[in-house]
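Secondary and tertiary structure notes
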Amino acid sequence: MKKYYIFTCFLVVVHNYIFAQNYLIKTSAGQIVNGQTVTVNANASDLDVDQKFNVFNNTSNPVLLNVKRYELSYVAGSKNYFCWELCLNDINSGAQWLVTHPPVFNQINPGDSVTYFGAHVKPQGNPGTHTFRYVWFNTADANDSVYVDIVFNFAVSVNTIDKNDIKFELYPNPATHFTKINFNIPSSYPKLLVIYDMIGNKVFESSINNMEGSLNVDLSKFNNGVYFYSLWIDNKAILTRRLIVAR
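Residues numbered from 1 in each chain as written. Predicted model: local features only at pLDDT ≥ 70, side-chain atom pairs only at ≥ 80, totals over all residues. Heavy atoms only, no water.

1. Structural notes on the pattern of salt bridges
Put simply, the rule reads: One side-chain nitrogen of Lys or Arg within 4 Å of one carboxyl oxygen of Asp or Glu is enough to make a salt bridge. To qualify as a helix, a DSSP run of H or I must reach at least 4 residues; to qualify as a strand, a run of E must reach at least 2; elements of each kind are numbered from the N terminus. For every residue, the accessible area (1.4 Å probe, protein chains only) is compared with the maximum for its type, and the residue is labelled buried under 20%, exposed over 50%, or partly exposed between those bounds.
Applying the stated criterion to the full structure yields 5 salt bridges. With a closest N to O distance of 2.7 Å, Arg133 and Asp149 form a salt bridge. Of the two residues, Arg133 sits in strand S11 (residues 128-138) while Asp149 sits in strand S12 (residues 141-155), which places them 16 residues apart along the sequence. Classification of Arg133 by relative accessible area gives partly exposed; the value is 29%. Classification of Asp149 as buried rests on a relative accessible area of 11%. For Arg241, the salt bridge goes to Glu169, with nearest N and O atoms at 3.1 Å. Residue Arg241 is located in strand S19 (residues 236-245), and its partner Glu169 is located in strand S13 (residues 167-171); the two are separated by 72 residues in the primary sequence.

2. Considering the pairing of S11
Using the following cut-off: Think of it this way: DSSP has to see at least two bridges between two strands before they count as a pair.
S11 sits mainly inside the fold: 8 of its 11 residues count as buried. Two elements, S11 and S12, share 11 bridges in a ladder whose sense is antiparallel. Pairing of His130 across the sheet is with Phe152, part of S12. The antiparallel pairing of S11 with S12 creates a hairpin that spans 2 residues between the two strands.

3. Details of the pairing of strand S14 (residues 178-184)
Every second residue of S14 is oriented toward a common face, the buried set being Thr179, Ile181 and Phe183 and the non-buried set Phe178, Lys180, Asn182 and Asn184. Bridge count for S13 against S14 is 5 bridges, and the pairing is antiparallel. Paired with Phe168 across the strands is Phe183, a residue of S14. Hairpin connection of S13 to S14: 6 residues between the antiparallel strands. Two elements, S14 and strand S17 (residues 212-218), share 7 bridges in a ladder whose sense is antiparallel. Across the sheet, the residue bridging to Asn182 is Ser214, located in S17.

4. A short note on the state of the cysteines
Heads up, the condition is: Whenever a pair of cysteine sulfur atoms sits within 2.5 Å, that pair is classed as a disulfide.
Counted according to the given criterion, the structure contains 1 disulfide. Here Cys83 engages in a disulfide with Cys87; their sulfurs sit 1.9 Å apart. Taking the torsion about the S-S bond as the criterion, the Cys83 to Cys87 disulfide, at about 105 degrees, is right-handed.

5. Some details on the nonpolar core
Selection criterion: Residues enter a nonpolar core if they are buried and are Ala, Val, Leu, Ile, Met, Phe, Trp, Tyr or Cys, with the set joined through side-chain atoms within 4.5 Å. The contact criterion used throughout is that any non-hydrogen atoms of two residues lie within 4.5 Å.
Judged by nonpolar contacts, the single largest core of 32 residues is most densely connected at Ile25, Phe53, Trp84, Phe117, Tyr134, Trp136 and Phe152. Within the residue set of this core, elements represented by two or more residues are strand S1 (23-26), strand S2 (37-43), strand S3 (49-57), strand S4 (63-73), strand S5 (79-84), strand S10 (113-122), S11 and S12. Looking at this core, the element that brings in the most residues is S12, giving 5 residues. If sequence neighbours within four positions are ignored, Tyr134 has contacts with Val67, Lys68, Arg69, Tyr81, Phe82, Phe117, Ala119, Val146, Tyr147, Val148 and Ile150. Ranked by size, the runner-up nonpolar core spans 25 residues in total, among them Ile166, Leu193, Leu215 and Leu239.

6. Quick word on a nonpolar patch on the surface
Put simply, the test is: Here, patches come from residues exposed beyond 30% relative accessible area and free of salt bridges, joined within 9 Å for like charges and within 5 Å for nonpolar side chains (Val, Leu, Ile, Met, Phe, Trp, Tyr). In this description, accessible areas are obtained by the Shrake-Rupley approach with a 1.4 Å probe, and a residue is regarded as covered only by the protein chains that are shown.
A contiguous nonpolar surface patch, about 320 Å² in accessible area, is contributed by Leu72, Trp97 and Leu98. Along the chain, Leu72 falls in strand S4.

7. Remarks on the packing of aromatic side chains
Worth spelling out the cut-off: Only Phe, Tyr and Trp rings are paired, with Trp represented by its six-membered ring, and only when their centres lie within 6.5 Å; those with planes under 30 degrees apart are stacked, over 60 edge-to-face, the remainder tilted. Either the NZ atom of lysine or the CZ atom of arginine qualifies as a charge over a ring when it sits within 6 Å of the ring centre and within 35 degrees of the ring normal.
Counted under the stated rule, the structure contains 14 aromatic pairs. Each ring, one from Phe53 and one from Phe117, has its centre 6.1 Å from the other, and the planes form 25 degrees; the classification is stacked. In this pair, Phe53 is assigned in strand S3 and Phe117 in strand S10, connecting sequence segments 64 residues apart. With respect to class, Phe53 is no different from Phe117; both count as buried. Judged by centre distance (6.0 Å) and plane angle (40 degrees), the rings of Phe168 and Tyr229 are tilted. Here Phe168 is found in strand S13, whereas its partner Tyr229 is found in strand S18 (residues 225-233), with 61 residues between them in sequence. The pair Phe168 / Tyr229 is uniform in exposure class, with both members buried. Here the aromatic cluster, defined as three or more aromatic residues joined through ring pairs, consists of Phe53, Phe82, Trp84, Tyr116, Phe117, Phe132, Tyr134, Trp136, Phe152 and Phe154. Lying over the aromatic face of Phe56, Lys26 brings its terminal NZ or CZ to 4.4 Å of the ring centre.

Okay, structure coming up:
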C-alpha cells in the first residue's frame, strides 16, 4: 500500500508539472513547445531566417517577462539576433554565448500573450547547423522560467552548387549488362539518378541517399542504344550526360 501511495504522489507531481506551467510558448500554428526542440530548415543562401513564438501567461497574476539566448552550436561566419518587443543588433555567431535582452515593458496579464518574439539567423552563405536555447523568465524571479531549443539547419542551395564540384560518372560506359555510378555531391537535398531513352521516356530511377558513394545499375533489360542519365537535386535537373548500352 505504501508503494502505491508514493507512486500516486509521483503521478500527481508530474501531472501538475506538465499541465500547470506558468507560461506557454506556442508556435504560430498554436503548438505548445515548452521544453521542446523546434527545427527550421532553410538554404544557406537565404538572407535572414526566423522562427516566431507567442508567449502566454498561464497564471492568475500579471507578470513581467524577459528573455535570454544561449548559443549551443553555430557556424562560423554567420550572424544571429533576436527580437522581444525590440530587435537587437546582429551578433557574429560565436562571439557571445549568452545574450540577455535589455529590460523592456513586457507585462502580460493573466490569459494574455505577447506575439512579437522572433529568433533570427543570417547564414551569410554558410551551410551547417545552429542550435540555440531561448529562456523566458520572470524578472521578479529568474527561476520562474520556461525554455525552447531552436535548431536552424542550412543546406547548400541548389542554385549555388558549382557543377565543377560534383563527381557523377558512370563506368563502364559503353556498358553491357551493368554499370556503376560513382558520385560525390556536396548537397544534403534529395537526390535522384534518372535514366531516359532517346525519346525522353524515363526507364530508370533511383534515390541517392548519401553525398558520396557508388550506385550499381542493372542494364539487363535495356535495349542496345543511346540513353541519357541525369542527376536531379531537389526536383531540379542539375546535369545530364550520355550512356551507351552495347552488347
